[in-house]
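# Survey of secondary and tertiary structure
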Amino acid sequence: MRPFRDSSALIPLLASLLLGAAVVGFRETPPPGAVNSQDGRSAGMSPVTEEWEALGITLDELVLDNGFRIVIVEDHRVPRVAASLWYRVGALQEGPGEHGATHFLEHVIHQGTTTIGVRDPELDRRLLEEIHELEAEFLAERNIARNQVRERRIFFDEEAWPTTPRMDSLQARILELEERQSENRHFWQEYNWYREAGGIMRHTDPVPANTGNELMRIEVDLPRERLELLFRMEADRMVNAVLRGFEAQRTIVLEQFLNINRSETGRFSEALNGASGIVHPIYLHPGGHMRDHAFWNRPSVIRMYEEYMVPNNAILALVGAVTAEEILPLAQEYFGRIPAAPEPSPGMDWEAEPPPGGAIRLDWHEPLSPSLTVRYRTPGVGHPDRPAFDLVARLLGGSDGMLAAAARDLGIPSPGWSAGVSRNGSPTRLSIQARPPSDAGLPALERVVEAAVERLRRGEVDEDALTRIHEELRFQWDRLRTHRGELASDLGYFHVMDEWRTMRTFLEAREATTVEEIQRVAARYLVPWNRIVGTTRSAPEPAAEKHLTGGPLQAGPAAPEASR
Amino acid sequence: MTTGPTIRTAQARGPGIHLTLLLGLGSLTGIVGCNPTSEGSAWQAGEAMPGHNRPVLVHDWPHPTALSLPEVGFIPPDPTTAEFETAGGLRAFILPDPEDPVVAITAAVASTRSPESREEGNTGERPALVRSLQESLGERLGTVVGQVGVGEEGGVVTVRVEVPTRHWRIAIESVLAALREPHPHATEGPTLPPEPAGGGMGRAVAELARTHARGVSPDTPTGPAPATAMGALTPAEVVIGIGGGVERRDVESALETFTEGWEGSPPAPSMAAAPPEAEGSTPDPELLRLVEHPGFMAWLALGHPMDPVAPVDEAAVAVMEEVLNIRLNIATREMRGLTNRALLVLPDRYGGGGLLHVRSSGRFESVGPILRYSWEELTRMREESGAPTAEEMSQAQGGLVLSRWQGVLDGPRAAAETYAVELARHDSLDRLLAWPEAVLAVDPSDVTAVAAAYLQPERLTAVVVGPIEEVREARHPQWPFALDEVAELLEGARARQ
């Protein structure tokens with residue numbers, strides 16, 4: 001468990017630090033029975049078994065000498081296995097100017113390996129070398145251009161990617177070489193082999209993966225007989241991925257960005273996130289920003305690949321018809337052959353968010369349907385106060401929640417209320433939303449939120465409602481633990497947020513949450529200085545020109561010369 | 001109670017499925033023993049790829065296609081032992097799983113009871129039966145913890161309820177009561193017009209439908225038919241699937257109790273499903289329809305009306321869809337980075353025809369090339385030279401059988417639902433259970449034949465939704481294909497007809 005930043009909770013802090021030390025020690029010490037063999041493979045290892053009786057599951061953990069960790073939950077009802085491979089890497093590890101690079105990395109590691117996805121490996125190698133040499137020239141040229149300019153406008157055209165004639169010619173040559181490389185490729189090979197083997201994947205595209213602020217995951221559900229395919233391909237991807245089709249992937253990722261982030265509501269959401277914090281990278285969008293797409297380059301992406309996609313920074317969760325004894329030889333043969341790497345730099349905790357001096361407010365000036373969003377920052381998973389927020393969100397939201405009740409009591413027409421809390425290892429947020437029929441309804445809805453939150457702070461919680469919510473959460477857990485893919489995914493998720501065993505402590509703490517605990521966290525976190533309010537209006541005052549780019553202040557050309 | 005005579009899955013199929021499937025899977029040799037497409041690495045031990053510090057891991061792992069993997073031993077839950085029929089004629093599949101803390105109940109009704117759902121342009125509106133069930137269930141289940149979903153797909157209205165095992169009885173009672181008595185308020189329908197579905201993409205597909213005066217049109221809803229006008233369902237119209245932590249005998253007894261005295265009334269003749277439209281496009285639909293819509297990108301649909309797929313062609317069409325979807329995405333996405341996805345959508349194969357189309361989106365300069373390369377792939381699929389390779393066949397067949405088919409029969413909860421929906425749709429499980437055999441029997445020439453029959457480049461219309469002037473002016477630096485050239489391409493195909 002990683003330490004949390006909470007000066008008023010010293011005892012839990014010390015406790016968690018001690019536990020953290022124990023966990024780190026566990027990671028670095030080979031498990032009982034592990035033996036180093038000459039070729040780097042582990043041998044004679046025994047799984048460590050944990051029975052989570054109250055939660056109804058039994059888990060086995062294997063940790064290879066190189067730090068690669070596998071958690072297995074046996075479920076023999078169907079002869080399939082859900083595999084969820086997680087890396088502790090995400091947008092929080094990115095540097096300025098390369099936001100979104102982890103998501104991009106996720107795409108480019110799915111373009112084959114040294115032995116997969118290519119017809120003539122020798123030709124591929126020659127093209128790869130030439131492309132890298134050209135890109136080095138390209139980056140040098142771009143650095144010269146960029147060092148001569150500074151962006152002085154308030155809003156610049158993020159669509160205009162700065163360039164020079166020499167950059168253009170180098171880029172054209174790189175594109176030409178990539179086209180030649182394309183002719184030598186087998187596209188979608190790994191995905192198609194998974195498909196052929198019976199793989200069920202989240203996406204119907206060759207990248208069965210997701211990236212977020214603090215995670216990258218690759219997930220496939222396979223017939224148990226075909227599980228070796230996953231070990232063979234994912235171990236290869238971890239160490240031998242060849243970043244082919246770099247430029248095509250750049251525009252594919254850009255399309256994803258445009259689809260999601262450049263919708264009108266997407267821009268509001270992005271702005272509200274940006275207003276929520278000062279320095280912590282959790283407030284940046286994991287997709288990066290428009291111009292970041294131009295700056296992703298091989299050296300920076302390879303740096304992330306080599307630092308973070310290493311066995312000691314990954315966990316594989318397997319749920320299904322398989323045993324630890326069956327997995328061990330596969331793990332040793334494939335992932336066990338990959339050397340351990342230096343401990344990756346954390347990225348997650350570099351920036352401590354200073355306490356804000358007051359509520360933050362964003363009244364959006366582009367016309368949108370009227371909406372109210374009220375957020376409160378919450379601690380991350382692994383912090384002892386976090387489990388109660390799952391109940392707080394449920395108490396507040398829905399047609400029978402405390403927000404709807406407060407609206408009734410105030411005589412205010414109530415729209416649908418939603419309340420939810422994000423799950424992250426880093427600090428995150430409780431978010432309350434409502435959509436009134438007209439702009440005029442917004443101030444009243446803010447009063448409703450304040451009234452409902454005040455009731456929570458005073459501990460005015462209906463015990464029956466809390467009992468029912470506990471029952472709902474237990475049911476949700478029962479559904480999750482009997483769904484291979486969901487359970488495997490959640491185990492991996494807890495591990496990147498904190499540690500996979502935190503799933504147990506989190507769920508048990510949530511189950512034990514009382515009205516008093518809810519009142520305590522509400523009084524502590526649901527306070528005005530920790531609040532972020534966002535509103536959208538159909539007729540904002542003053543109305544900004546409806547636009548999708550830099551806004552009414554935008555002016556002038558965007559080339560570097562313009563701002564020298 | 002006895003097993004209903006209409007459930008014909010049966011005795012002959014049970015054990016036979018397994019053998020047939022295993023034999024069939026033996027032929028899926030893309031993974032097991034297919035010739036590797038490339039072997040070896042250009043890199044030696046200790047070398048690093050350009051820009052890398054970490055050396056390449058030189059290994060002796062078998063190529064993925066050379067791995068020696070065992071046969072897949074999946075056997076779907078046996079529907080014959082799960083069948084049950086009440087005295088009143090309600091049919092059920094009960095698949096107990098003593099380890100499961102959850103019970104899933106799925107009731108399925110052929111949507112001939114919900115005729116307006118088949119009307120053109122009504123996908124923005126919930127059928128009356130769906131509304132009725134949704135409202136009724138919400139009231140009846142009250143504070144019972146669980147999840148409820150009501151929807152319509154492929155000509156079947158489904159009610160899905162999942163509850164903790166201790167609530168199984170009230171959940172079944174509520175589902176059956178909701179089916180017996182339509183909710184009175186559901187007749188009123190919505191007071192606000194529904195939002196157009198799908199944003200720019202939805203609009204592109206709607207415009208394509210409008211151009212061909214057929215198929216779906218998300219933003220042109222028609223008025224809902226009142227639920228009560230449908231009359232009450234009869235128990236024989238309902239198939240229920242129950243999977244999870246229940247005891248079979250208890251469920252059988254509860255089904256008898258909760259259906260006692262339930263008679264219902266058969267649907268009036270006018271409520272039966274409308275027959276599929278005859279050859280239905282307008283005499284000369286537009287080649288290229290351009291619709292102004294602000295944004296950073298454009299949405300596009302390229303398609304034509306498609307007649308219902310003949311049952312004998314279903315498996316070959318499914319293989320064609322798999323192969324073509326991959327080809328489209330390699331051509332537009334992976335090779336050229338024009339779009340995040342180009343998706344081939346075929347009409348619901350149980351819905352009596354509709355629109356075959358490719359839907360995609362992209363930056364302005366990508367619109368022309370996406371349309372061009374999509375057109376090329378659609379056309380190539382019909383030609384002998386474009387017949388699927390052995391590798392493509394094996395991958396498509398593996399995907400359809402080992403992934404999709406297994407996925408819908410993945411354990412008691414999923415299988416109970418699938419069996420119920422299938423029986424409501426076809427009055428038989430034969431088609432479902434024979435699906436692996438049918439898919440594995442498809443060969444490349446079958447795929448070419450169905451492509452020639454169902455893909456009709458001469459009928460294609462392209463719709464582009466976006467800032468049209470910007471789309472018109474934009475040219476992709478590597479593949480500068482303009483909208484006018486798309487129109488020429490489509491016109492040429494039409495002229496050659």
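Structural notes, computed from the coordinates. Remember, it's a predicted structure, so these values are computed and weren't measured experimentally. (Residues numbered from 1 in each chain as written. Chains lettered and ligands numbered in written order. Predicted model: local features only at pLDDT ≥ 70, side-chain atom pairs only at ≥ 80, totals over all residues. Heavy atoms only, no water.)

### Observations regarding the overall build of chain A
As a reminder, the rule being used: Strands here mean DSSP runs of E at least two residues long; helices mean DSSP runs of H or I at least four residues long; both are numbered from the N terminus. The buried label goes to any residue with under 20% of its type's maximum accessible area, the exposed label to any with over 50%, and the partly exposed label to all in between, with areas taken from a 1.4 Å probe on protein chains only. Only the protein chains shown count as cover for residues, and the accessible areas themselves come from Shrake-Rupley with a 1.4 Å probe.
Helix and strand counts for chain A stand at 18 helices and 15 strands. Per-residue burial for chain A yields a buried fraction of 61% across its 564 residues. Only carbon and sulfur atoms are counted for the fraction: they give 54% of the accessible area of chain A, which is about 21,300 Å².

### Description of helix H16 (residues 484-497) of chain A
All names here are of chain A. Using the following cut-off: Each residue after the first adds 1.5 Å to the expected span of a helix.
With 14 residues, H16 extends 20 Å between its outermost C-alpha atoms, agreeing within 8% with the 20 Å of an ideal straight helix rising 1.5 Å per residue. The buried count for H16 comes to 12 of 14 residues, which makes it a mostly enclosed element. Residues of H16 that are buried: Arg484, Leu487, Ala488, Ser489, Asp490, Leu491, Gly492, Tyr493, Phe494, His495, Val496 and Met497.

### Considerations on the sheet that holds strand E10 (residues 354-362) of chain B
Residue and element names in this part refer to chain B. Note the threshold: The pairing criterion for strands is at least two bridges between them, as found by DSSP. Only C-alpha atoms enter the line fits that serve as axes; for helices the fit covers just the stretch in contact. Angles between N-to-C directions range over 0 to 180 degrees. It only takes one pair of heavy atoms within 4.5 Å for two residues to be counted as in contact.
As summarised here, the arrangement of the five strands in space is E7-E11-E8-E10-E9, forming an open sheet in which the pairing is mixed. One side of each edge strand has no neighbouring strand; the edge strands of this open sheet are strand E7 (288-292) and strand E9 (342-345). The average angle at which neighbouring strand axes cross in this sheet is 15°, direction not considered. Seen against the sheet, helix H14 (residues 483-495) touches E7, strand E8 (298-306) and strand E11 (461-466) and runs at an angle of roughly 160° to E11.

### Considering the packing of aromatic side chains
The following threshold applies: In this analysis, rings of Phe, Tyr and Trp, with Trp reduced to its six-membered ring, are considered paired at centre separations within 6.5 Å, and the interplanar angle assigns stacked below 30 degrees, edge-to-face beyond 60, and tilted for intermediate values. Only when the NZ of Lys or the CZ of Arg is both within 6 Å of the ring centre and within 35 degrees of the ring normal is a charge said to sit over the ring.
Taken as a whole and judged by the stated rule, the model has 13 aromatic pairs over all chains. Residues Trp52 of chain A and Trp500 of chain A carry aromatic rings whose centres are separated by 5.8 Å and whose planes lie at 25° to one another, so their mutual orientation is stacked. Placement of the pair is Trp52 of chain A in strand E3 (residues 48-52) and Trp500 of chain A in the loop between H16 and helix H17 (502-511), with a sequence separation of 448 residues. For Trp52 of chain A, a relative accessible area of 1% translates into the label buried. An aromatic cluster of three or more residues is present, and its members are Phe68, Phe231 and Phe335 of chain A. One cation-aromatic arrangement involves Arg54 of chain B over Tyr305 of chain A; the distance from NZ or CZ to the ring centre is 4.8 Å. Taking NZ or CZ as reference, Arg336 of chain B lies 3.6 Å from the ring centre of Tyr373 of chain B, over its face.

### Let's talk about the interface of chain B and chain A
How big an interface is tends to be stated in terms of the accessible area lost upon association of its parts. The condition that has to hold: Once two parts are put together, the accessible area they lose, assessed with a 1.4 Å probe and summed over both, is termed the buried area. Every case where a carboxyl oxygen of Asp or Glu lies within 4 Å of a side-chain nitrogen of Lys or Arg is listed as a salt bridge. By the criterion applied in these results, polar contacts are pairs of N or O atoms within 3.5 Å in which, for protein atoms, one can donate a hydrogen and the other can accept it, and in which residues neighboring in sequence qualify only through two side-chain atoms. Residue type decides the class: Asp, Glu, Lys and Arg count as charged, Ala, Val, Leu, Ile, Met, Phe, Trp, Tyr, Cys and Pro as nonpolar, and the leftover types, Gly among them, as polar.
Taken together, the 87 residues of chain B in the interface contact 84 residues of chain A. Of the roughly 7,500 Å² buried between chain B and chain A, counting both surfaces, carbon and sulfur atoms make up 57%. On the chain B side of the interface with chain A, the three residues burying the most area are Arg54, Trp61 and Phe296 of chain B, jointly 12% of the side's total. At the junction of chain B and chain A, the tally comes to nine salt bridges. Taking the shortest distance from any N to any O, the salt bridge between Glu322 of chain B and Arg195 of chain A comes out at 2.4 Å. Counting the contacts that link chain B with chain A gives 36 residue pairs in polar contact (both at pLDDT 80 or more). Of all the elements in the fold, those that place two or more residues in the side of chain B that touches chain A are strand E5 (156-164), helix H7 (314-334), E10, helix H9 (390-408) and helix H10 (411-426) of chain B. At 10 residues, H9 of chain B tops the list of elements feeding residues into the side of chain B that touches chain A. Taken together, the residues of the side of chain B that touches chain A sort by class into 34 nonpolar, 34 polar and 19 charged.

### Digging into the sheet that holds strand E2 (residues 91-96) of chain B
Residues and elements named next belong to chain B. Spatially, E1-E2-E6-E3-E5-E4 is the arrangement adopted by the six strands of the open sheet, whose pairing is mixed. A strand with exactly one partner marks an edge of an open sheet, and here the two such strands are strand E1 (83-85) and strand E4 (147-153). Strand after strand, the sheet turns through a mean of 20° between neighbouring axes, direction not considered. Lying on the sheet, helix H3 (residues 128-141) is in contact with strand E3 (102-110), E4 and E5; it crosses E4 at an angle near 170°. Lying over the sheet, H10 contacts E2, E3, E4, E5 and strand E6 (238-244), oriented at roughly 170° with respect to E6.

### A look at the nonpolar core
All names here are of chain B. As a reminder, the rule being used: Here the nonpolar core consists of buried residues drawn from Ala, Val, Leu, Ile, Met, Phe, Trp, Tyr and Cys, with membership extended through side-chain atoms lying within 4.5 Å.
Core analysis: the largest hydrophobic core is formed by 79 residues, its most contacted members being Val319, Met320, Leu371, Tyr419 and Val464. Among the elements that line this core, the one with the most residues is H7, at 10 residues. Excluding residues that lie within four positions of it along the chain, Val319 makes contacts with Met393, Ala396, Gln397, Leu400, Val439, Val442 and Val447.

### A few points about the side chain of Gln111 of chain A
As for its placement among the helices and strands, Gln111 of chain A is situated in the loop between helix H2 (101-108) and helix H3 (121-147). Only 2.6 Å separates the side chain of Gln111 of chain A from the side chain of Arg185 of chain A, close enough to count as a polar contact. Setting aside its immediate chain neighbours within four residues, Gln111 of chain A contacts Arg185, Glu190, Val242, Arg244 and Gln249 of chain A together with Glu334 of chain B.

### Thoughts on the pattern of salt bridges
As a working rule, side chains carrying opposite charge can pair if their charged atoms are close by. Tallied over the entire structure, the rule returns 70 salt bridges over all chains. The salt bridge involving Arg363 of chain B is made with Glu255 of chain A; its shortest N-O contact spans 2.7 Å. Of this pair, Arg363 of chain B sits in the loop between E10 and helix H8 (364-381) while Glu255 of chain A sits in helix H7 (residues 246-261), which puts the two residues in different chains. In this structure Arg363 of chain B comes out as buried when scored by relative accessible area, which is 10%. For Arg481 of chain A, the salt bridge is made with Asp478 of chain A, and the minimal N-O distance between the two is 2.9 Å. In this pair, Arg481 of chain A and Asp478 of chain A both sit in helix H15 (residues 463-481), three residues apart, roughly one turn of the helix. Like Arg481 of chain A, the residue Asp478 of chain A is buried in the burial classification. Salt bridges sharing partners connect three or more residues here, namely Asp75, Arg77 and Arg479 of chain A together with Asp97, Asp100, Glu162 and Arg413 of chain B.

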